[in-house]
Amino acid sequence: MKKNRSNKNISFPGAAIPAIIFILFATSCNPLKYVPEGETLLDDTKVIVSKDDIKKSDLMPYVRQKPNKKIFGAKFHLGLYNLSNLEKEKWPHSWLRDIGEEPVIYDPYATAKSRDQLKSYVASRGYFDSEVMETIETVNRKSKVYYNVDLKKPYTIRNLSYEIEDTTIRKLFYRDSVNCLIERGKPYNVNVLQEERNRFSRFIKEQGYYSFSDDHISFSVDSTQGNRQVNIVYVIRKFQKRDAANRIIEVPHSVYIVRDVYIYPDFVPKDALEGGDKYRESLDTVFFEGYYFISPGRKPDIKYKLIIQSLYIKPGSIYNVTRTEDTQTHLLSLKTYRLVNIFYTESGDRSVKPGERMILDCTIQLTMLSQQSFKVEVEGTNSAGFLGGALNLIYQHKNLFHGAEIFDLKLKGAYEALSQNDTLRSIQEYGVETSLRFPKFLLPFLDKEKFIKEHNPTTTLLAAYNWQNMPFYTRAMANATFGYTWSEGLFTSHIVNPVQLNWVDLITIDEQFKKRIDSSSYLAYSYRDVMIMGGNYSWIFSNQKIRKSNDYWFVRINAEAAGNLAGLASKLMRQDKTDGSYHLLGQPFAQYFRADIDIRYNVIINDVSSIVYRGFVGAGIPYGNSYAIPFEKQYFGGGANGIRAWQVRSLGPGSYEPEDKSFLNQTADIKIEANTEYRFRLFWILEGALFLDAGNIWSYNKDENREGAQFRFDKFFDDIAVGSGAGFRFDFGFVLMRTDMGIKLRDPSITEGSKWIMANRNYNVRDDLTFVIAIGYPF
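None of the values given here were measured: they were computed from a predicted structure. (Residues numbered from 1 in each chain as written. Predicted model: local features only at pLDDT ≥ 70, side-chain atom pairs only at ≥ 80, totals over all residues. Heavy atoms only, no water.)

1. Observations concerning the sheet that holds strand β12 (residues 337-346)
Here is step 1 of the chain: Pairing within the open sheet is mixed, and its five strands lie in the order β10-β11-β9-β13-β12. This sheet does not close on itself; its edge strands, each paired only once, are β10 (283-288) and β12. In this sheet, adjacent strand axes meet at a mean angle of 25 degrees when their direction is disregarded.
Here is step 2 of the chain: Both strand β9 (residues 256-264) and strand β11 (residues 291-296) contribute to a ladder of two bridges, which runs parallel. Following the sheet pairing, I263 is matched in β11 by F293.
Here is step 3 of the chain: Docked against the sheet, helix α11 (residues 321-333) engages β12 and β13 (358-368), running at close to 160 degrees with respect to β12. (Pairing = 2+ DSSP bridges. Helix = DSSP H or I, 4+ residues; strand = E, 2+ residues; numbered from the N terminus. Axes fitted to C-alpha atoms, helices over the stretch in contact; angles between N-to-C directions. Contact = heavy atoms within 4.5 Å.)

Dropping the structure here:
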């Protein structure tokens, strides 16, 4: 079984106490401490809109002055600032001012400016005669500013006419007019005009008009028509240039043809800058399949054919801005280049008549990443109380066969200590993992240039071997995978592994542990030799934009099946069962279907806080040759990334309560979980979080020795565990560490009375409170 290294649970009760005391002390400071006499603190700012036609969130950016940031209604960052002494520059006073926020003093000028900007914005949305009034309330030297936006009936577009002098552009415009964003009868909106300006400018650039820009498009708006309507004139000007007499004249726009494409596959900016003419003279030019490759006279690091396969720009083609962007994106996706720079140079030939096709030369400069790397990773590990460390030796080659093939080799070793019943046990784990990724499909009928350029496919071969010495058993695991990955659009990707082989060999097992698991048919099937031969598919959607703080979704759907071909073959060959199972190559094989869905929604509240919602539903159904799905494919509850009020693998299944809790390792076939986490930045590298988790795991088949473990539609809701808590995150930039404190609210294993702990019994700190430390966000 491959361990999840992010689940690192330790007893860490004292670490949060100083931080909590510090936060409470900061928020209790006098907010007026550094507000000058005669001035007032800006306590709050609100925008009140008379209609829902314009959202408040659209208006807030136009408010020039905003109060100090709040967390749960308290000006925490202001409190940090006020903890300092302005007359002292040494630590901690300068540090408190850096991480805190100085008081925002109410400014009448900023209020008036905000009022004018709000009025200007609502006018740009068609509310020309709307009113914006400000109201200021001051109590105890704290001012609250209210902006009352009274929206009248908006102006609508009565007529849309066009002035397009360039006949060629006019024809293209009418051909594309169905996509025009400006519609008669719709409310007037400056944003729509700007979006239309950008849209049509890009459309024209995609037709080869390299020199066309937004500046050639303008709109004339007449609001004097009456009846709250406007007339809009859509103006597209000709191209301006200087004639032989240096006079500015207007000529029709020209289509540009890409004449030649010059590619620098090994471009080094530093050498080019320092070497100058000498550097350029040292380069050789090779003409290959219509492209000019310019590089030092040595064997190319990347095959020219692979580079051409990634290009959307072809000699003799019409200039297209989208093809240029796609070329850059596809070349960077090879993960071989650090920089991809594409630019065009116009031909110096001035004999071309106005309106005729012009000439462009394209230059592509490719700067490579370091092709080989080696790194050593040292980890502190902690899984369900197993303290220890891990050492990983990782080698990577980003261009193994000169075709952007990425080869990875990882050697890993781990040691963990576990204390149970005053006995110190240890866990050792050693393994090797290797993978090779090709930037294409290794299938002839899908190895087409069009498919490669549209979907950016990759093929991955992976092999791994892992040996584990656990407290109660020793086992070896081997894995081999052959699969494909490709993208669809900007936000969707697919992963298909048609061949996936796992071999689990249970080498030794403790006799007492064996007696315990033999008492349960489910556990007996879980801890045994098994071969998993099947395939899986994943569909992934994520519309998160790294550079933009917008709400975003993440959805992942997984499905896998195993053992069906082996089961069919065994039946056709009328193979006899051994110990109740068919065998293949001397090993029983697993037969099951497993699917799950993971949905996350991140809501950005403001620049310091957000809420993340997560839902997970998964089920594995054993059949045929299996009574239970393999242990490696089973679900578990609790832990740093699940219901944090329970230690990892200590929750469930269902309402089952194990009698022997010396070694908890509860797993099952079905899992339902929901999480909500409120995240907020505090100061320096510290972030805070409040969370609520709910869910459980269940077995698919009935297990007489685990009463209450089976999933049933009429009672599963009564088996839901609920936990809550708070935590801190430490963002060091290169890694984020967190500590969470979870407390049980509802325990499904309670058999008498209410399952809500507060309504049933007193809290037990040892059993009902869990502290975990982990790496990265939980989801």
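Let us keep going from here.
2. Digging into the environment of R761
Here is step 1 of the chain: Mapped onto the fold, R761 is located in the loop between β30 (736-746) and α16 (765-768).
Here is step 2 of the chain: By relative accessible area, R761 is classed as partly exposed at 31%.
Here is step 3 of the chain: Taking C-alpha positions, R761 is 50 Å from V496, a pair spaced 265 residues apart along the chain.
Here is step 4 of the chain: The residues contacting R761, other than those within four sequence positions of it, are D747, I750 and D768. (Buried < 20%, exposed > 50% of the residue type's maximum accessible area, 1.4 Å probe, protein only.)

3. A short note on the confidence of the model for the protein chain
Here is step 1 of the chain: Taken as a whole, the protein chain shows an average pLDDT of 85; of its residues, 90% reach a score of 70 or greater.
Here is step 2 of the chain: Element-level pLDDT for the protein chain is lowest in helix α1 (residues 16-27), with a mean of 54, against a maximum mean of 95 in helix α7 (residues 190-205).
Here is step 3 of the chain: Ignoring residues within four places in sequence, the model shows residues 1-17, a span with pLDDT below 50, making 57 contacts including any to other chains.
Here is step 4 of the chain: Predicted confidence is poor over residues 382-386, with pLDDT under 50, and the contacts of this stretch with residues over four places away or in other chains come to 19 contacts. (pLDDT = per-residue confidence, 0-100.)

4. Here's the deal with the pairing of β9
Here is step 1 of the chain: Note that β9 and β13 share eight bridges and pair parallel. Considered in β13, the bridge of V261 is made with C362.

5. Things to note about the nonpolar core
Here is step 1 of the chain: I263, L331, Y337 and I364 are the most contacted members of the largest nonpolar core, which has 28 residues in total.
Here is step 2 of the chain: Elements that contribute at least two residues to this core include exactly β9, β11, α10 (304-309), α11, β12 and β13.
Here is step 3 of the chain: Beyond its immediate stretch of four places on either side in the chain, I263 contacts Y291, Y292, F293, I294, I307, L311, I364 and L366. (Core = buried A, V, L, I, M, F, W, Y, C linked by side-chain atoms within 4.5 Å.)

6. Quick word on the sheet that holds strand β5 (residues 217-222)
Here is step 1 of the chain: If you walk across this open sheet you meet the three strands as β4-β6-β5, and the pairing is mixed. The sheet terminates laterally at β4 (156-164) and β5, the two strands that pair on one side only. Averaged over all pairs of adjacent strands, the angle between their axes in this sheet comes to 20 degrees, without regard to strand direction.
Here is step 2 of the chain: Sheet analysis places β4 next to strand β6 (residues 229-236), joined by eight bridges and oriented parallel. Note that in β6 the partner of I164 across the bridge is I236.
Here is step 3 of the chain: Strands β4 and β6 of the sheet are contacted by helix α6 (residues 167-175), whose axis makes an angle of about 145 degrees with β4.
Here is step 4 of the chain: Packing of α7 onto the sheet brings it into contact with β5 and β6, and relative to β5 it is tilted by some 150 degrees.

7. Structural notes on the packing of aromatic side chains
Here is step 1 of the chain: By the definition in use, this model includes 39 aromatic pairs.
Here is step 2 of the chain: The interplanar angle of 45 degrees and the centroid separation of 6.0 Å between the aromatic rings of Y162 and Y234 together place this pair among those described as tilted. Here Y234 lies in strand β6 and Y162 lies in strand β4, a separation of 72 residues in the sequence.
Here is step 3 of the chain: Cluster of aromatic residues (ring-pair linked, three or more members): Y162, F173, Y174, F200, F203, F219 and Y234.
Here is step 4 of the chain: Directly above the ring of Y210 sits K205, whose terminal nitrogen or CZ lies 6.0 Å from the centroid. (Phe/Tyr/Trp six-rings, centres within 6.5 Å; stacked < 30°, edge-to-face > 60°. Lys NZ or Arg CZ within 6 Å of the ring centre and 35° of its normal.)

8. Section: empty space enclosed by the protein
Here is step 1 of the chain: Evaluated as defined, the whole model comprises five cavities of 30 Å³ or more.
Here is step 2 of the chain: By residue class, the composition of the lining of the largest cavity is six nonpolar, two polar and two charged.
Here is step 3 of the chain: Taken as a whole, the second largest cavity spans an internal volume of roughly 50 Å³.
Here is step 4 of the chain: Together, R475, V504, L506, S526, Y527, R528, V530 and E632 line the second largest cavity.
Here is step 5 of the chain: Residues that form the lining of the second largest cavity fall into these classes: four nonpolar, one polar and three charged. (1 Å grid on protein atoms, 1.4 Å probe; cavity = no way out; pocket = protein on both sides within 12 Å on 5 of 7 lines; lining within 4 Å. Points joined across faces, edges and corners; volume = space filled by probe spheres on them. Nonpolar A, V, L, I, M, F, W, Y, C, P; charged D, E, K, R; others polar.)

9. So, the packing of α6 against α7
Here is step 1 of the chain: Between α6 and α7, the least distance of the axes is 11 Å, while the angle of their chain directions is 115 degrees. The interaxial crossing formed by α6 with α7 has right-handed handedness. Facing α6, whose interface residues are I169, L172, F173 and R175, α7 presents F200, F203 and I204.
Here is step 2 of the chain: The residue makeup of the contact of α6 with α7, split by class, is six nonpolar, no polar and one charged. (Left-handed = near helix turned anticlockwise from the far one by under 90°.)

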